[in-house]
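One letter stands for each residue in the lines below.
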Amino acid sequence: MSNILEVKDVVKQDGDYTALNSVSLQVPKGSIYGLLGPNGAGKTSLIRIINQITMPDSGEVILDGEKLAPNHVSVIGYMPEERGLYKTMKVGEQALYLAQLKGMSKADAQKQLKYWFEKFEIEGWWNKKIQELSKGMAQKIQFIVTILHQPKLLILDEPFSGFDPVNANLIKDEIIELNKKGTSVIFSTHRMESVEEMCDYIALIHKSNKLIEGKLEDVKRQ
């Protein structure tokens, strides 16, 4: 089975602090891969490197057989834990803008947005400003703009924080559906129950080191 993502001996220093200490991971294609560890373990540092927000001090990242390059932003979808929407922009305008940043044409983006807004029953939100929405409503918008361009690799950092149970289940079902259609998913969390419920593979990161990686049932046995 080939890997959608390989992280090889990645080191990230922040002054005297080591955020990642020679971390290596292999994310199989088509898997839901749980990146598990307490807050401050290094999970977000690693995700930022995969998204090319920061660069590693050493080591390399291979995405779908190619060394990570700027053009790969169009095949990755990333939903950060600290949601990054512009509060004073209107929902529809912002969603179109973010879709075009990912390389979608305006017409394609409009078509996809219509589909998702109808699916989530939020057609009335198009002209609202983000600041008028509750945290859970803003989360839904963030989720839609993350998956709109149909990424090969979807990276979700604590995707259920801020959602009530009903909407958490809605998003969970969508993640599973996308995975069935071939999207590989990395799911970063400190909550074991989310991982057990959804993931095929996991890696445990603690204090900047990878402690263990493998199929969920093998890791549980160990």
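Residues numbered from 1 in each chain as written. Predicted model: local features only at pLDDT ≥ 70, side-chain atom pairs only at ≥ 80, totals over all residues. Heavy atoms only, no water.

On to the packing of aromatic side chains, then. Two measures describe an aromatic ring pair: the distance that separates the ring centres and the angle between the ring planes. Tallying each qualifying case throughout the model produces 5 aromatic pairs. Look at Phe120 and Phe143: their rings are 6.4 Å apart centre to centre, the planes differ by 15°, and that puts the pair in the stacked class. Within this pair, whereas Phe120 is found in the loop between helix H3 (106–119) and helix H4 (135–147), its partner Phe143 is found in helix H4, the two being separated by 23 residues in sequence. Looking at Phe120, the relative accessible area reads 4%, which means it is buried. By relative accessible area, which is 0% here, Phe143 ends up buried. (Phe/Tyr/Trp six-rings, centres within 6.5 Å; stacked < 30°, edge-to-face > 60°. Helix = DSSP H or I, 4+ residues; strand = E, 2+ residues; numbered from the N terminus. Buried < 20%, exposed > 50% of the residue type's maximum accessible area, 1.4 Å probe, protein only.)

Backbone-to-backbone hydrogen bonds pair the strands of a sheet. The strands run either parallel or antiparallel. Strand order in the open sheet made by the 6 strands is E6-E7-E8-E3-E9-E10, with mixed pairing throughout. The sheet is open, and its two edges are formed by strand E6 (76–79) and strand E10 (209–215), each paired on a single side. Sheet twist, expressed as the mean angle between neighbouring strand axes with direction ignored, is 15°. Sheet topology note: the strand E3 (residues 32–36)/strand E8 (residues 184–189) ladder contains 5 bridges and is parallel. Paired with Ile32 across the strands is Val185, a residue of E8. Along the sheet, helix H1 (residues 43–50) makes contact with E3, E6, strand E7 (153–157), E8 and strand E9 (201–206), crossing E7 at roughly 150°. Those strands touched by H4 are E6 and E7, and its axis lies near 165° from that of E6. (Pairing = 2+ DSSP bridges. Axes fitted to C-alpha atoms, helices over the stretch in contact; angles between N-to-C directions. Contact = heavy atoms within 4.5 Å.)

Turning our eyes to something else, we now look at the packing of helix H2 (residues 91–101) against H3. In contact at an axis separation of 9 Å, H2 and H3 are set at 125° when each is read in the N-to-C sense. With respect to H3, the axis of H2 lies oblique. Handedness of the crossing formed by H2 with H3: right-handed. Between H2 and H3, the residues in contact are Val91, Ala95, Leu96, Ala99 and Gln100 and Lys106, Ala109, Gln110, Leu113 and Phe117, respectively. Across the contact of H2 with H3, the residue classes break down as 7 nonpolar, 2 polar and 1 charged. (Parallel < 35°, antiparallel > 145°, perpendicular 65-115°, else oblique. Left-handed = near helix turned anticlockwise from the far one by under 90°. Nonpolar A, V, L, I, M, F, W, Y, C, P; charged D, E, K, R; others polar.)

Under the counting rule described, the total for this entry stands at 10 salt bridges. Salt-bridge contacts for Lys29 lead to Asp64; the nearest nitrogen and oxygen are separated by 2.8 Å. Residue Lys29 is located in the loop between strand E2 (17–28) and E3, and its partner Asp64 is located in the loop between strand E4 (58–63) and strand E5 (66–67); the two are separated by 35 residues in the primary sequence. Taking the relative accessible area as the measure of exposure, Lys29 reaches 34% and is therefore partly exposed. Looking at Asp64, the relative accessible area reads 24%, which means it is partly exposed. Among the ionic pairs, Glu174 bridges to Lys119, the shortest N-O distance being 3.3 Å. Placement of the pair is Glu174 in helix H5 (residues 165–180) and Lys119 in helix H3, with a sequence separation of 55 residues. Three or more residues are tied together by salt bridges with common partners; here these are Lys29, Asp64 and Lys152. (Salt bridge = Lys/Arg side-chain N within 4 Å of Asp/Glu carboxyl O.)

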